[in-house]
Amino acid sequence: MGMFRDHIYPIISGIIIGIVGGVLGLDWLWISILIAIPLAILSPNSARAGAINSIIASLVVFTAPIITRISMDPRTMRMLDILSSITGLSWQVIIAIPIIVYIVISLLACIAIISMKRVTIELRTKRIG
Amino acid sequence: MGIAREIAVMAVSLILIILLTLSFGSVASLMNPYAGVWTEIGRGDFRGSIKISVKGIDNSVTVVFDSDMVPHIFASSWRDAAFALGYLHAYHRLWQMDIQKRLAEGRLSEILGNSTLKQDIYMRIVGLYRAAVNTTKWLENSYPDVYSIMAAYSAGVNMAIEGMKARNELPLMFKLLGYEPEPWRPEDSMAWALYMAWGLTNFFEPLELTYLAIKLGPSDTNILFPVHPYYGDNVTVIPGDGSINSLRINKDPGYLRSLNWFSQWATGIDLSDRDLAQQILDAIESILDLSGEKPPDIGSNNWVVGPSRSATGGAIMADDPHLPLNIPAIWYEAHIKTPDMNVRGVTLPGIPFIIIGFNEHVAWGLTNTQIGVMDFYLEKISNGSYLYNGEWRPLKVVEEPIRVKGYGVYLLKVNITANGPIISTKGAPISFRWVGNAGYMNDNSGVTRQVLAIYLVNKAKSYEDLVNALRYWDIPSQNWAFIDRENNYGIIIPGLFPYRSVRLPDGDVVRVIGSRSILNGSGGYAWEGYVPYEQIPRTINPQRGWAAAPNQMSVGPYYPYFILGSWWDPGARAQRIYQLLSSKDKHSVEDMMKYQSDIYLWYASSSIPTLIRAVEGYRDLSPVELKALEILRSWDYRMDKNLVAPTIWWAWFSALYDESFAKIYTDHGIKLRLYPTEDALVWLIHNMPSSKWFGGNLSDAARKALSKAISSLKAIYGDDINSWVWGKVHRLYIAHLSGLKPLSIEPVPEDGASATLMNAGFQYDLRNLGREVFVRTGPSWRIIAYVERGSIKAYGIYPGGQSENPVSDYYKNFFDTWYSYKYRELDLPTNPEAVRSKIATIDIVPG
C-alpha cells in the first residue's frame, strides 16, 4: 500500500499530466514543470522520493513518444541521421541530451515544490504552536 | 533553520532550472518529443482522403496527388485554384519561400545576423521590394481580377502557415534557425518574381569592360570581348540578317562593331583622365564586391521543330532552363484545371502561375535573352544634389532600416538620381538604371507587367493568344519558344529593351540598346524609350522548319537597333543544336531527349586539331604527354564523365587560358579574373596565333600549357593517365539552400561542360583540380512538348522532389530520373478520377 501511495500514484499522475500537456502542444519546459506538480503534491515530503518519482515519470513522458515514432515510422531514423550529421553527435546522444535536461528540470521543479510544501507545513506548525 | 534550508533548496532549484533553460532551451525545444523536429516527419506527405474547411474560397476545390506528390488541382475558378496552390506551396516549400522572399527583400539579416548584412544592403539598394510594392498597387488598381488571384494565393499560404503553427509542424529549418514565418502577401510574390528577373538581367559587364578598358586599353578589350560574338552571325535565334518589317539599321554593322565604344563620343566620359579613371576603378571594385560572385553559366536551351521536320508530323518543343541547382529545387510541378483552363508545368514557389509548361492549346519554354537592360551612370554629386541636364537636382534619399539579429537596426540611406540608385560605395558615384526599376513607362515607378503576361499565357488558346499576351512581358526578356495544337511553332523575344540615340564619329545617329561602358549620368545618355512590341524579334513557322534559342545572338546585325549590350552566350550550344537539327530531315521526341542530354563540346572540336598540330612537332614531349595527345586524337569531343579525354582537354584549355592572359593581366594590375569567353580564345588560336596573347607563338604557348596541364593532373590524380576520368574532376553537387551538407545531395560524377547542350557549369580554372569545386548549375527543368493527333503531350523532369521535408519520400525522388536523362510523362487529366496513380485527395470546401 505504501509503495502505491508513495510512488505508483504520483508517477501515474505525473505521466498523465505530462502526456496531456504534450498532446496539447505545450512547450517542453511547461511539460517538465507540469509533471512535477502532481508528483510533488502526491509524493511524500521527502526529496528522495520526489526525485525518484519525477525521474521515472518524466523518463516515460519524454521517451515513450520517441520510441513509438522510431518503431512506427522509418522516416524518424532518417531525421535522426540528418541531425546526427549536422551536429556530429550520435543519434543516441542527440536523443539523450534533451531528455536528460527535461528530467533534471522536472526533478528540480519537483524538489522545489516539495520544499515549498515543507515550508508551508513548517509555518503552519509554528503558527499552531 | 529548517525554513531557511527549504527556501535555499527552492531558490537553488529555480536558479538551476533557469540556467538549464537558458543553456539548453533551443536544443530542448528542437528535440521536444511532442513538438520538436519529429512533427516535420510526416508533413506534406499526403495520404488517403482529407477534407478541410476554409474561409477564402468561393467553391470546393479538389486536389489529387499522383504517386510523385504532384498536385492536380480541380477548381471552379483560378482564384480558388490559386488558394489551393498557395496552400500546397506552403505545405511543401514554406521555408524555401520564406528564405527566397527574404533574399529578394533584403531581410536575411533579421534571421541570420550580421553575416548577411552586405547582401541585404545590396538588395535594398537595388530596390526590388520598392518595385514590388508599386507593381502590386498597380495590379490591384488596373487588373483587380489578376490581383485577386495573387491575394487568394497569399490566403492559401497563410492558411497553411496557421495550420502548421497550430500543429507544431513548421519545417525543420525554422526550428533550426529559431524563427517563425510571417504572413505571406502579394508583394512577397512580386518580390520573388522580380528577384528572378534581376538574376537573369543584372549584367555587370559594362562595369567589367570599363575596368578592362582602363587597365588593358580599349583595343585589347575589344579583341577579348568583341561587340558581338565571333561565331554568332550564322546561328542567330531569329533567322536572317536582322531586318524587321523591312526596317534595318542604316549603318554597316561591321563599321559599328569596329568602333571604340569606350570613347568619349560614345560615353561622355574621358577614361584617359587618370584621376577620374582611378575613381571609377575604385567604384567598380566596390560594386563588384557588394554584388558578390554570380553563379557561372546561367543560360538555357530551347528549340522548336515544325511539322515538316517532325517524325510524327506534329510540332515539337524542347526547353531546359539552366539555373543554380539547389535542393529544394527552384521549381515545383503542378497541374491546374478550371472551366476555362487546363494547364500543367512548373511553378516557382511563391508565385501562383505555371511559368514553363503547356495547356490543351499551347506549350511554351523560356531561355534568357541576355541583352543589356541595365546601364551604369557616372554621376556628378555636390551637397546632396546631382547634375542632370544642366541643373542641380536634390538627391532622393530613401531610408531602408535593416533589422540585424543580435545587433539592432542598421539604417541604410539609398541615394537615387534620375538615372537610378547609386550603387558604388567607394570612389566615383555610380548609379544604375535597370528596367525593373525604371518600369514599363520608363518613369522610375518600378511597375512591370510580367504577372499579367504569364496569367494570359496560362490561359492562351492559340499561339496568337500567347504572342498577344507577351506584349506585357516586361522583364526578364526571354526567348519564348512555343508550339500550338495547330502545329504552329516559333520563338519570340519579348521584353523591355531600352534604346538611346548615339551620334557616331562620322556624324550619323544610330539607336543602340545597352552599353559596353559606364555612361555620363549628367544627361545626354538617358534612355529614350523601349523598342515597340511590333519591332520585337520573332520567328513564326520559319521556312527551314525549326528554330533554336540557347541564349545565343538574338538577331542578325541589321536589326534596326544596334545591340551594344550583347551579353549573349558565345554560341557553342547554338552551333551544336544547329548541327543536330540540320543533320537529318525528321526529328522524333526521342531525338529531342537525346539532344537535351548531348555532351558534344563544339569548342573542343573547333580547336583541338589546331592545338595538336601546334605541339606535336616538339621532340621533348614526355610519354604521358604523347599519350594524352593520342587520347585526344581519337576523341569524339563528348564530355563523357567516364572518359579521360575531356579531363585532358579541360586541363589543357585551362592552362592555355592562364598562359595567354595571366601574365599580361598581372602586368596591367588587373586583379579581377576577367578572362574572355571560350569563343574568344578559340578565335585567337585561329586568327592571331602570333599575337602577344600567346607570347608571339601559339605553339610555344600550347606546349607550355600542355606540360602544365599534365603535371597538374599527375600531381592530383597520379601517374596512371587511364584513371583521369572526367567524372573525378567534374562533379555535380546539389546543395541545400541553407548550405547544410546533410540536407544536400551527395556529389556525383557529371557529364558535360559549361558549353555543352547538357549544361553543367564548370569554369576553366586549373586551381579547381583536387578542390571542393563542383558543378552547381545545370538543367533545372527539362520539358519536351509535342503535338500528337491535335493534342499537346509532354514529358518533363527536374532534379529534386516536390517536398522540402528532408525525410520525405518526395524530397529528392526525381533526382535519379533526371540524372540518368529520363523523363516523366506529363498529362492533363480533365477530372479528379482521371488522375493516374493517385495517392491522396484533399477536398477543400468553403467554411
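Things to note about the sheet that holds strand E22 (residues 519-520) of chain B
So, step 1. Within the open sheet, the three strands sit side by side as E17-E11-E22 (chain B). Their pairing is mixed. Of all the strands in the sheet, the pair left with one neighbour each is strand E17 (430-434) and E22 of chain B.

Considering unusual backbone geometry
Residue and element names in this part refer to chain B.
So, step 1. At the junction of Ile327 and Pro328, the peptide bond is cis and its omega measures out at -5 degrees in the coordinates.
So, step 2. Mapped onto the fold, Pro328 is located in the loop between strand E6 (326-327) and strand E7 (332-338).
So, step 3. The amide bond that connects Ile475 to the next residue, Pro476, takes the cis arrangement and shows omega of -5 degrees.
So, step 4. Within the secondary structure layout, Pro476 lies in the loop between helix H16 (463-469) and strand E18 (478-484).
So, step 5. Even without being glycine, Asn551 reaches a positive phi, approximately 70 degrees.
So, step 6. As for its placement among the helices and strands, Asn551 is situated in the loop between strand E25 (546-548) and strand E26 (562-563).

What about the sheet that holds E18 of chain B?
Residues and elements named next belong to chain B.
So, step 1. In space, the 11 strands of this open sheet follow the order E1-E33-E2-E3-E7-E8-E9-E10-E18-E19-E24, with mixed pairing throughout. Each edge of the open sheet carries a strand with a single partner, namely strand E1 (48-54) and strand E24 (538-540). For this sheet, the mean inter-axis angle between neighbouring strands, taken without regard to orientation, is 15 degrees.

Overview of the domain arrangement of chain B
All names here are of chain B.
So, step 1. Each domain of chain B was delimited in the assignment, giving domain 1 (31-597 + 826-847) and domain 2 (602-637 + 644-724).
So, step 2. Summarising the inter-unit geometry, the C-alpha centres of domain 1 and domain 2 are found 36 Å apart.
So, step 3. Listed by partner, the interface residues are 16 residues for domain 1 and 13 residues for domain 2.
So, step 4. Listing elements by their share of the side of domain 1 that touches domain 2, those giving two or more residues are helix H9 (205-216) and helix H17 (572-583).
So, step 5. Tallying contributions element by element places H9 first for the side of domain 1 that touches domain 2, with five residues.
So, step 6. Counted by class, the side of domain 1 that touches domain 2 contains 11 nonpolar, two polar and three charged residues.

Overview of the pairing of strand E9 (residues 356-359) of chain B
Side chains on a regular strand alternate between the two faces of the sheet.
Residue and element names in this part refer to chain B.
So, step 1. Residues of E9 alternate between two faces, with Ile356 and Phe358 on one and Gly357 and Asn359 on the opposite face, all of them buried.
So, step 2. As defined by bridge partners, strand E8 (residues 341-347) adjoins E9 across four bridges and the pair is classed as antiparallel. Counterpart to Val346 in the pairing with E9 is Ile356.
So, step 3. In the sheet, E9 pairs with strand E10 (residues 362-368) via two bridges, with the strands oriented antiparallel. Its bridge partner being in E10, Gly357 is matched across the sheet by Trp364.
So, step 4. Hairpin connection, E9 to E10: the antiparallel pair is bridged by two residues.

Remarks on the pairing of strand E27 (residues 731-736) of chain B
Residue and element names in this part refer to chain B.
So, step 1. Two elements, E6 and E27, share two bridges in a ladder whose sense is parallel. Paired with Ile327 across the two strands is His736, which belongs to E27.
So, step 2. Here E27 runs beside strand E28 (residues 745-749); their pairing, made up of three bridges, is antiparallel. Across the sheet, Arg731 pairs through a bridge with Pro749, a residue of E28.

Quick notes on the rules
Residues numbered from 1 in each chain as written. Chains lettered and ligands numbered in written order. Predicted model: local features only at pLDDT ≥ 70, side-chain atom pairs only at ≥ 80, totals over all residues. Pairing = 2+ DSSP bridges. Helix = DSSP H or I, 4+ residues; strand = E, 2+ residues; numbered from the N terminus. Axes fitted to C-alpha atoms, helices over the stretch in contact; angles between N-to-C directions. Domains from an automatic or database assignment. Contact = placed C-beta atoms within 7 Å. Nonpolar A, V, L, I, M, F, W, Y, C, P; charged D, E, K, R; others polar. Buried ≥ 20, exposed ≤ 12 C-beta atoms within 10 Å, placed from the backbone.

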